[in-house]
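Architecture and fold: a report
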Amino acid sequence: MSAKVLVAYATKMGATAEIAEAIGAELRAHGHQVDVCEVRQVQSIDSYDAVVLGSAVYLRRWRREAVGFLRKYAEALRQRQVWLFHSGPVGPKRDDLQPMPPNVNRLAHRIGATPAMTFAGRLVPEHSKGLIARRMARTELSGDARDWKLIAAWAEDLSAAISSLEANSRHRPGAQEAPQ
Ligand SMILES: Cc1cc2nc3c(=O)[nH]c(=O)nc-3n(C[C@H](O)[C@H](O)[C@H](O)COP(=O)(O)O)c2cc1C
């Protein structure tokens, strides 16, 4: 069963955008209609059945524009299927789960979303923005830790969940059946 899905992301150095694109590609491969979009470019979520939101993590916080998106669309998100992910851990702690920042946790609770999935990130000199990032990218933290198999597997699970929820909502008593 196909659904219309928005994959919105917030990034500073591009790594989270590529994760969002990979999630979008996997969902498309499973037959869903998907838009992958930088979070500030989103004008409305009215036409989407499900929303995936991902943010890069800096100093244990989500990007401001991703938090703004959750706030702005909280009511509309409450009526949709929503999945969250965040991306950050690099270096020796690449496999550590990143805790939900308290403000994101509160908003996730408000919209009924489960805690964010953690994906490892990327920190390399050629993509680093700012002096601190460039310095960090020359330490043991340097490298691309993104696990594309894990990302694809997560997106595949989402696809199955979206399909089954869509099918259930179509077969709810009183739900409108599509015309034959
Ligand atoms: C200054 C700075 C602070 C960071 N803080 C965190 C952090 O608190 N937690 C984390 O998991 N990763 C942290 N990271 C790693 C980034 O989240 C990682 O590089 C991520 O993949 C960047 O995503 P982006 O390219 O989409 O901006 C930090 C990186 C920098 C440069």
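Structure's up top.
Please read these numbers as outputs of a predicted model, since none were measured by experiment.

Here we look at the overall build of the protein chain
- What the protein chain contains, in helices and strands, is 6 helices and 8 strands.
- Reading the secondary structure of the protein chain in the N-to-C direction produces β-α-β-β-β-α-α-β-α-β-β-α-β-α.
- A globule of 180 residues ought to have a C-alpha radius of gyration of about 16 Å, and the protein chain, at 17 Å, matches this closely.
- Seen through its C-alpha atoms, the protein chain measures out along the principal axes to roughly 60 × 30 × 25 Å.
- Per-residue burial over the protein chain gives 48% buried out of 180 residues.
- Side-chain charges in the protein chain split into 25 positive and 19 negative, and the spacing between the mean points of these groups amounts to 10 Å.

A word on the nonpolar core
- One finds Leu6, Ile45, Trp62, Phe69, Leu70, Leu77 and Leu84 to be the most contacted residues of the largest nonpolar core, which totals 29 residues.
- When residues of this core are traced back to their parent elements, those giving at least two are strand 1 (4–10), strand 3 (50–58), helix 2 (64–72), helix 3 (74–78), strand 5 (81–87) and helix 4 (102–111).
- Residues within four places of leucine 84 in sequence aside, it is in contact with Leu53, Trp62, Leu70, Met100, Ala108, Ala113, Thr114, Pro115, Ala116, Met117 and Trp154.
- Core analysis: the next-biggest nonpolar cluster, separate from the first, contains 21 residues, Tyr9, Ala17, Phe119 and Ile162 among them.

A look at helix 1 (residues 15–29)
- Spanning 15 residues, helix 1 covers 21 Å between terminal C-alpha atoms, matching the ideal 21 Å at 1.5 Å per step.
- Those residues of helix 1 that fall on the buried side of the exposure criterion are Ala15, Thr16, Ala17, Ile19, Ala20, Ile23, Gly24, Glu26 and Leu27.
- Looking at the residues trailing helix 1, positive phi occurs at glycine 31, about 95°.

Some details on a nonpolar patch on the surface
- On the surface, a cluster of nonpolar side chains totalling about 310 Å² of accessible area is made up of Leu131, Ile132 and Met136.
- With respect to the element layout, methionine 136 can be found in helix 5 (residues 131–136).
- Judged by relative accessible area, which is 36%, methionine 136 ranks as partly exposed.

Thresholds applied
- Residues numbered from 1 in each chain as written.
- Predicted model: local features only at pLDDT ≥ 70, side-chain atom pairs only at ≥ 80, totals over all residues.
- Heavy atoms only, no water.
- Helix = DSSP H or I, 4+ residues; strand = E, 2+ residues; numbered from the N terminus.
- Rg over C-alpha atoms; globule rule 2.2 N^0.38 Å.
- Buried < 20%, exposed > 50% of the residue type's maximum accessible area, 1.4 Å probe, protein only.
- Lys, Arg positive; Asp, Glu negative; His and termini not counted.
- Charge placed at Lys NZ, Arg CZ, Asp CG, Glu CD.
- Core = buried A, V, L, I, M, F, W, Y, C linked by side-chain atoms within 4.5 Å.
- Contact = heavy atoms within 4.5 Å.
- Expected span 1.5 Å × (residues − 1).
- Patch = residues over 30% accessible without salt bridge, like charges linked within 9 Å, V, L, I, M, F, W, Y side chains within 5 Å.
- Areas by Shrake-Rupley, 256 points an atom, 1.4 Å probe, with all protein chains shown as cover.
- Salt bridge = Lys/Arg side-chain N within 4 Å of Asp/Glu carboxyl O.

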